[in-house]
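If you want the building blocks of each chain, they are given just below.
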Amino acid sequence: MTLVDTPATTTGGPSLAQERRLVTAIPGPRSQELMARKAEAVAAGVGHTLPISVVAAGGGVVVDADGNSLIDLGSGIAVTGVGNSHPRVVEAVTAQLNAFTHTCFTVSPYEGYVAVAEKLNELTPGDHVKRSALFNSGAEAVENAVKIARHFTKKQAVVAFDHAYHGRTNLTMGLTAKNIPYKSGFGPFAPEVYRASLSYPFRDGGLDGREAAARAITQIEKQIGAENLAAIIIEPIQGEGGFIVPAAGFLPALVEWANANGVVFIADEVQTGFARTGAWFASEHEGIVPDLIVTAKGIAGGLPLSAVTGRAEIMDSAHAGGLGGTYAGSPIACAAALATIETYEHEGLIARARDIGAVLIGRLNALRTADPRIGDVRGRGAMVAIELVDPETGAPDAALTNRVAKYAHEHGVIVLTCGTYGNVIRFLPPLTISDELLVDGLGVVAEGLKNA
Ligand SMILES: *Cc1c(COP(=O)(O)O)cnc(C)c1O
């Protein structure tokens, strides 16, 4: 085994120089070295968006081993809302590490877990009595939400939607819509998972929210039947599926139908939750109150934690021992979550997400006016995307999307793509990014479009 001389630990966090700085090509020599080791040591199925070797991150930048400083417009997929290595998170985690690292909550409980549950019950939509259960990943929490809904309703079927993304475990792969790369060759998938049509304003011919909901409800009633249906699960704004914001009225109509038919309505807010959309949770924009809400990504400043929160009578229906997991609700992740939630509050990051959204939407709409290849600009708060199309036909242009993303990466901007058709560039900056970096990053994307 060879040990590569990596630079001494660099301190990250918001005190890192907030600048785009390229001192080598991307990837530089040290990053290339790591990529070569990765290819030899890591399973090929574990891909990467940028071929870099990260040594520090914070505020709105990611620094690589070659000394390049990249603008972060991805937040590690909507995770580091409070920025990497936020001092409050570092302090809370350090204190917890020094106290104890693990007991397993279901063996010998500790306060952090309970405090996170209390906070989630308080912050999530609805004034009803709630309970929470904590897990490690988004997919694990989605699985548990389905488990709980089935146990409560004594029914089995679950409906997910076109373009949905719910994770990579067996059940959540089944709930996920897109074949490549998420599902192909990994079946068979779990039974009793059904799919209904989404409201996708840019591509469904102007159906309004109520009409789109009526279409989905007819599919559900004709193909499954409410008497067999345990739960509807939906992302209030779809993430991997293309940042699709359903038409107004779509979500409320589904909730209304679910409530009237003994079906548990599950909001998967793994990507949209925690200030990202300019509200604590995206459900708030439509005034809906989900029966269960699934959270993860933005919850703990980068530490692995997820949760299911919801109506006490549903959550409490599962017997003791039916829910849990060795690491679920790790004390370290809980300490991070409490500090993270405090940071969203203390630094006014919900309002900041709205301001970031105004900058993103303003600049991207201006680009769109001059460039018909941008078919759509959409999103809420700091969760915004452009959909790239053939201006003549409206057909998705994945090749253009990849060229623009590649240009951005090579010029020091981390952007992510998404969408069923691979033709969406999404913007998910940390809420601690400065306007200067944000505008610089968008300028590079604009250059990329010009060059592509
Ligand atoms: C990322 C994501 C998941 C899966 O979360 P993991 O932590 O990767 O398992 C589930 N649902 C949505 C909406 C997501 O964006």
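In this text, all values refer to a predicted model and were calculated from it rather than measured experimentally.

*Asks:* Is there a simple way to explain the overall build of the chain in this structure?
*Replies:* What the chain contains, in helices and strands, is 13 helices and 15 strands. Against the 2.2 N^0.38 benchmark of 22 Å for 452 residues, the chain shows a C-alpha radius of gyration of 22 Å, consistent with a compact globule. Across its three principal directions, the C-alpha atoms of the chain cover 60 × 60 × 45 Å. Within the chain, buried positions represent 54% of all 452 residues. Long-range pairs, those at least 24 residues apart, make up 74% of the contacts in the chain with a sequence separation of at least 6.

*Asks:* What is the right way to look at unusual backbone geometry in this model?
*Replies:* It is generally the case that most residues other than glycine have a negative phi and that most peptide bonds are trans. In this chain, Ile180 is followed by Pro181 through a cis amide linkage whose omega measures 5°. Structurally, Pro181 is set in the loop between α6 (170-175) and β6 (193-196). The amide bond that connects Gly187 to the next residue, Pro188, takes the cis arrangement and shows omega of 5°. Looking at the secondary structure, you find Pro188 in the loop between α6 and β6. In this structure, Ala78 is a non-glycine residue whose phi angle is positive, near 65°. Positive phi, normally seen in glycine, also occurs at His163, with a value near 70°.

*Asks:* Before we go on, may I ask you to explain the packing of helix α4 (residues 111-123) against helix α10 (residues 331-346) in this structure?
*Replies:* Each pair of packed helices gets described by two things: the angle between the helix axes and the distance between those axes. Where α4 meets α10, the closest approach of the two axes is 8 Å, and the angle between their N-to-C directions is 35°. Here α4 and α10 pass one another in a crossing that is left-handed. Along its contact with α4, which presents Gly112, Tyr113, Ala115, Val116, Lys119 and Leu123, the element α10 presents Cys334, Ala337, Leu338, Ile341 and Glu345.

*Asks:* Where do I start with helix α3 (residues 87-99) in this structure?
*Replies:* An α-helix turns once per 3.6 residues; consequently, residues spaced three or four apart project the same way. In this model α3 runs 18 Å from its N-terminal to its C-terminal C-alpha over 13 residues, within 8% of the 18 Å that 1.5 Å per residue would give. Here α3 has its buried residues at Val89, Val93 and Gln96. Seen along its axis, α3 keeps its buried residues to an arc of 60°; they face one direction. In α3, the exposed residues that point more than 90 degrees away from the buried face are Glu91, Asn98 and Ala99.

*Asks:* Looking at this model, I keep getting lost on the pairing of strand β5 (residues 157-161). Mind explaining?
*Replies:* On any regular strand, side chains alternate: one points to one face of the sheet, the next to the other face. Counted residue by residue, β5 has 5 buried out of 5 residues, so it is predominantly covered. Relative to β6, β5 runs parallel, the two sharing 4 bridges. Paired with Ala160 across the bridge in β6 is Arg195.

*Asks:* What is the right way to read the domain arrangement of the chain from this model?
*Replies:* How big an interface is tends to be stated in terms of the accessible area lost upon association of its parts. Entries for the chain in the domain assignment read domain 1 (7-85 + 349-451) and domain 2 (88-346). Computed over C-alpha atoms, the centres of domain 1 and domain 2 are 26 Å apart. Contact residues are listed per partner, giving 40 residues for domain 1 and 33 residues for domain 2. Across the domain 1/domain 2 interface, buried area totals approximately 2,900 Å², and carbon plus sulfur atoms make up 62% of it.

*Asks:* Got a minute to help me understand the pairing of strand β8 (residues 264-268) in this structure?
*Replies:* Among the 5 residues in β8, 5 count as buried, and that is most of the element. Burial along β8 is two-sided: Val264, Ile266 and Asp268 and Phe265 and Ala267, pointing in opposite directions, are all buried. Handedness of the strand β7 (residues 229-234)-helix α8 (residues 250-260)-β8 crossover: right-handed. Relative to strand β9 (residues 292-295), β8 runs parallel, the two being bridged by 3 bridges. In the sheet register, Ile266 faces β9, and the bridge partner there is Leu292.

*Asks:* So what exactly am I meant to see when it comes to the site of the ligand here?
*Replies:* Taken together, Ser137, Gly138, Ala139, Tyr165, His166, Gly167, Glu235, Asp268, Val270, Gln271 and Lys297 make up the full set of residues near the ligand. Asp268 places a polar side-chain atom, nitrogen or oxygen, 2.7 Å from a nitrogen atom of the ligand. Measuring from an oxygen atom of the ligand, one finds a side-chain N or O atom of Lys297 at 2.6 Å. The protein chains hide 82% of the 380 Å² of surface that the ligand would expose on its own. Looking at the shell around the ligand residue by residue, the classes come out as 3 nonpolar, 5 polar and 3 charged.

*Asks:* Looking at this model, I keep getting lost on the nonpolar core. Mind explaining?
*Replies:* As a rule of thumb, soluble globular proteins bury nonpolar side chains together. Core analysis: the biggest nonpolar cluster contains 87 residues, and Ile266, Leu292, Leu305, Val415 and Phe427 have the highest contact counts within it. The element best represented in this core is α10, accounting for 8 residues. In terms of domain composition, this core takes at least three residues from each of domain 1 (7-85 + 349-451) and domain 2 (88-346). Once you skip the residues sitting within four places of it in the chain, Val415 turns out to touch Thr49, Leu73, Ala405, Ala408, His409, Ile425, Phe427 and Val445. If you look at the next biggest cluster of nonpolar residues, it comprises 28 residues, including Val159, Leu198, Ile224 and Leu254.

*Asks:* Looking at this structure, how should I read the pattern of salt bridges?
*Replies:* Pairing between side chains of opposite charge can happen when the charged atoms of each approach one another. Taken as a whole and judged by the stated rule, the model has 17 salt bridges. Measuring nitrogen to oxygen at the nearest pair gives 3.7 Å for the salt bridge that ties Arg210 to Glu256. Residue Arg210 is located in helix α7 (residues 209-223), and its partner Glu256 is located in helix α8; the two are separated by 46 residues in the primary sequence. Ionic pairing is found between Arg352 and Asp435, a salt bridge with its closest N-O pair at 2.8 Å. In this pair, Arg352 is assigned in helix α11 (residues 349-370) and Asp435 in helix α13 (residues 435-451), connecting sequence segments 83 residues apart. In this structure Arg352 comes out as buried when scored by relative accessible area, which is 17%.

Conventions and cut-offs
- Note on numbering: residues in each chain are counted from 1, in written sequence order.
- This being a predicted model, a pLDDT of at least 70 is required before a residue's local features are given, and a value of 80 or more before pairs of side-chain atoms are given or counted; all residues contribute to the totals for chains, interfaces and linings.
- Hydrogens and water molecules were not included; the side-chain quantities draw on all heavy atoms of the structure.
- By the criteria applied, helices consist of DSSP H or I runs no shorter than four residues and strands consist of E runs no shorter than two, each listed in order from the N terminus.
- Only C-alpha atoms enter the radius of gyration, while the globule expectation follows 2.2 Å times N to the 0.38, with N the number of residues.
- Between buried and exposed lies partly exposed: a residue is buried under 20% and exposed over 50% of the maximum accessible area for its type, with that area taken using a 1.4 Å probe on protein chains only.
- Residue contacts follow a heavy-atom distance rule, with two residues in contact if any of their heavy atoms lie within 4.5 Å.
- Angles run from 0 to 180 degrees between N-to-C directions of axes, and those axes are lines fitted to C-alpha atoms, restricted for helices to the stretch in contact.
- Two helices cross in a left-handed way if the nearer one is turned anticlockwise from the farther one by less than a right angle. They cross in a right-handed way if the turn is clockwise.
- Each residue after the first adds 1.5 Å to the expected span of a helix.
- Here the arc refers to the set of directions running from the helix axis out to each C-beta atom.
- By definition, two strands form a pair when at least two bridges between them are found by DSSP.
- Those domain boundaries reflect an automatic or database domain assignment.
- The quantity reported as buried area is the accessible area (1.4 Å probe) lost by two parts once they are put together, taken as the sum for both.
- By convention, a crossover is right-handed whenever its connection, traced from the first strand over the helix to the second and viewed with the strands pointing away, goes clockwise.
- Only heavy atoms are used to decide nearness, and a residue is near a molecule or strand if one of them lies within 4 Å of it.
- Here a polar contact is taken to be a pair of N or O atoms separated by no more than 3.5 Å, where protein atoms must pair a possible hydrogen donor with a possible acceptor and residues adjacent in sequence count only if both atoms sit in side chains.
- For the area figures, the Shrake-Rupley method with a 1.4 Å probe applies, and any residue is considered shielded solely by the protein chains shown.
- For this scheme, ten residues count as nonpolar: Ala, Val, Leu, Ile, Met, Phe, Trp, Tyr, Cys and Pro. Four count as charged, namely Asp, Glu, Lys and Arg, and the remainder, Gly too, count as polar.
- Among buried residues, the Ala, Val, Leu, Ile, Met, Phe, Trp, Tyr and Cys ones that are joined through side-chain atoms within 4.5 Å form a nonpolar core.
- For this analysis, a salt bridge means a side-chain nitrogen from Lys or Arg found within 4 Å of a carboxyl oxygen belonging to Asp or Glu.

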